[in-house]
Amino acid sequence: MHIDSTNWKILQTLQKNARISNSALGRAVGITSPAVAERIRKMEDAGILIGYKAEISHFESGHQLKAIITLRAFMGRLKPFLEKVHEFSEVLNCYRITGNENILLEVVLFDQFHLEEFIDKLITYGETKTHIVLSTVIENAPIRTRREDRIYKKSKV
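Figured I'd write up the structure that's included with this text. (Residues numbered from 1 in each chain as written. Predicted model: local features only at pLDDT ≥ 70, side-chain atom pairs only at ≥ 80, totals over all residues. Heavy atoms only, no water.)

Digging into unusual backbone geometry
Then, in step 1: Despite not being glycine, asparagine 140 shows a phi value in the positive range, around 50°.
Then, in step 2: Among the secondary structure elements, asparagine 140 is positioned in the loop between strand E4 (126–132) and helix H6 (146–155).
Then, in step 3: Given the relative accessible area of 46%, asparagine 140 is considered partly exposed. (Helix = DSSP H or I, 4+ residues; strand = E, 2+ residues; numbered from the N terminus. Buried < 20%, exposed > 50% of the residue type's maximum accessible area, 1.4 Å probe, protein only.)

Describing the packing of aromatic side chains
Then, in step 1: A full pass over the atoms with the stated rule returns two aromatic pairs.
Then, in step 2: With centroids separated by 5.5 Å and ring planes inclined at 70°, the aromatic side chains of phenylalanine 81 and tyrosine 125 adopt a geometry described as edge-to-face. Within this pair, whereas phenylalanine 81 is found in helix H4 (residues 78–84), its partner tyrosine 125 is found in the loop between helix H5 (112–122) and E4, the two being separated by 44 residues in sequence. (Phe/Tyr/Trp six-rings, centres within 6.5 Å; stacked < 30°, edge-to-face > 60°.)

Observations regarding the pairing of strand E3 (residues 103–109)
Then, in step 1: Of all the seven residues making up E3, six are buried; the element is thus mostly covered by neighbouring parts of the structure.
Then, in step 2: Where strand E1 (residues 65–73) and E3 come together, seven bridges link them in antiparallel fashion. Along E3, the bridge assignment pairs isoleucine 68 with glutamate 106.
Then, in step 3: Here strand E2 (residues 91–96) pairs with E3 via five bridges, running antiparallel. Within E3, the position partnered with valine 91 by the bridge is valine 107.
Then, in step 4: Where E2 hands over to E3, the hairpin turn is made up of six residues, of which glycine 99 adopts a positive phi near 110°. (Pairing = 2+ DSSP bridges.)

Remarks on the sheet that holds E4
Then, in step 1: Taken together, the four strands give an open sheet; going across it, the order is E2-E3-E1-E4, and neighbouring strands pair in antiparallel fashion. The outermost strands of the open sheet, each flanked by one partner alone, are E2 and E4. Strand-to-strand twist in this sheet, taken as the mean axis angle between neighbours without regard to direction, amounts to 20°.
Then, in step 2: Where H5 meets the sheet, it contacts E1, E2, E3 and E4, and its direction lies at approximately 150° from that of E3. (Axes fitted to C-alpha atoms, helices over the stretch in contact; angles between N-to-C directions. Contact = heavy atoms within 4.5 Å.)

Some thoughts on helix H1 (residues 5–16)
For an α-helix, 3.6 residues make a turn, and residues three or four places apart therefore share a direction.
Then, in step 1: Between the first and last C-alpha of H1 there are 17 Å, a value that for twelve residues agrees with the 16 Å anticipated at 1.5 Å per step.
Then, in step 2: With a side-chain oxygen lying 3.2 Å from the backbone nitrogen of threonine 6, the N-terminal cap of H1 falls on aspartate 4. (Expected span 1.5 Å × (residues − 1). Polar contact = N/O pair within 3.5 Å; in protein donor to acceptor, adjacent residues only side chain to side chain.)

Concerning the packing of helix H2 (residues 22–29) against helix H3 (residues 33–45)
Then, in step 1: Two elements in contact, H2 and H3, have axes whose closest approach is 8 Å; the angle formed by their N-to-C orientations is 95°. Considered as vectors, H2 and H3 are oriented roughly perpendicular to each other. Seen from H2, the contacting residues are Asn22, Ser23, Leu25, Gly26 and Val29; seen from H3, they are Ser33, Val36, Ala37 and Ile40.
Then, in step 2: By residue class, the composition of the contact of H2 with H3 is five nonpolar, four polar and no charged. (Parallel < 35°, antiparallel > 145°, perpendicular 65-115°, else oblique. Nonpolar A, V, L, I, M, F, W, Y, C, P; charged D, E, K, R; others polar.)

Here is the structure:
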C-alpha cells in the first residue's frame, strides 16, 4: 500500500494522540470523517497501523528501576530463552540482536532486590550486562517521512 501525504498526516496525528476522534482527525488533515475511517481501516489491513496503546509511567506504577539488559546466550540456551522470555512480566521489550550479545531486554523492576532476582533467572541462559536507565532522553519518537526527516535534519544544522 502506498502511503500518500494524507495518510502520513493521519499517521503523524495518531502518533501524537491515538484517541483523537475521526471527525477531529478529518478536520486536521482536510478530509471527511468517513474518509479518515476508511484510510485508517486500509492502513490497519495493510499492517502499517498496527495498534493503539496506553502509556503508563513505570515509576508511578511502583517500578523504581528501568533497565536495559543484554544477554549473551550460552551454547544451546538461546532457543529455550526465546521460549521462556514471554513468561517474564518484567520485560517490556525483547530484541534479538547482532553482535556479541544475542538479546537486548528493556525491563522494569520494583527495586534492586527485584533486579537481583531477575538477573538470577537470566544467568541460567547466559552472560548478562545490566544498564540502569537514569532518565529518558527520547521515547516513542514519531516515525517521519523521508522528506520530513531531511527537513528536520536541516533545521538542526
